Amino acid sequence: MRVLFVEGKDRETLQGLARRFPHPYRLLYRPEQGLYLLEAWAIGEEMQREAARLEGFRCWAFELVEEGSRA
C-alpha cells in the first residue's frame, strides 16, 4: 500500500486535494509553525501526480512495509 504525505501552509488546498480522491486520509496541524500535513493511504499514481504539482508544497510517497499496534 502506498502512503502519501503532503506538507504545506494552506489548509484549503490540502483538503481540496484529499476530497477529490476516494482514499482515506488525515490532516494534521502544527500551530507553532502554521504547518499542515496531509497523510493519505492506498493512493494511486494520479493523486501522487496531483500532489507533486502543488506549488509551495512538499510531498513524499512511501510503500507501507509494516503496521502494528500494542494492546
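Residues numbered from 1 in each chain as written. Predicted model: local features only at pLDDT ≥ 70, side-chain atom pairs only at ≥ 80, totals over all residues. Heavy atoms only, no water.

So, the nonpolar core
Then, number 1: Counting residues in each nonpolar core, the largest one holds 14 residues, and the members touching the most others are Leu4, Val6, Leu14, Leu17, Leu38 and Met47.
Then, number 2: Of all the secondary-structure elements, those providing two or more residues to this core are strand S1 (2-8), helix H1 (11-19), strand S3 (35-41) and helix H2 (45-53). (Core = buried A, V, L, I, M, F, W, Y, C linked by side-chain atoms within 4.5 Å. Buried < 20%, exposed > 50% of the residue type's maximum accessible area, 1.4 Å probe, protein only. Helix = DSSP H or I, 4+ residues; strand = E, 2+ residues; numbered from the N terminus.)

Details of unusual backbone geometry
Then, number 1: The phi dihedral of alanine 42 is positive, around 55°, even though this residue is not glycine.
Then, number 2: Here alanine 42 lies in the loop between S3 and H2.
Then, number 3: Taking the relative accessible area as the measure of exposure, alanine 42 reaches 40% and is therefore partly exposed.

Considerations on H1
Then, number 1: Residues of H1 that are buried: Leu14, Gln15, Leu17 and Ala18. End-on view of H1: buried residues confined to an arc of 160°, all on one side of the axis. Turned more than 90 degrees off the buried face of H1, the exposed positions are Glu12 and Arg19.
Then, number 2: Of the surrounding elements, those touching the buried residues of H1 are S1, strand S2 (25-30), S3 and H2.
Then, number 3: Put simply, aspartate 10 is the residue that caps the front of H1, since its side-chain oxygen is 3.1 Å from the backbone nitrogen of glutamate 12. (Arc of directions from axis to C-beta. Contact = heavy atoms within 4.5 Å. Polar contact = N/O pair within 3.5 Å; in protein donor to acceptor, adjacent residues only side chain to side chain.)

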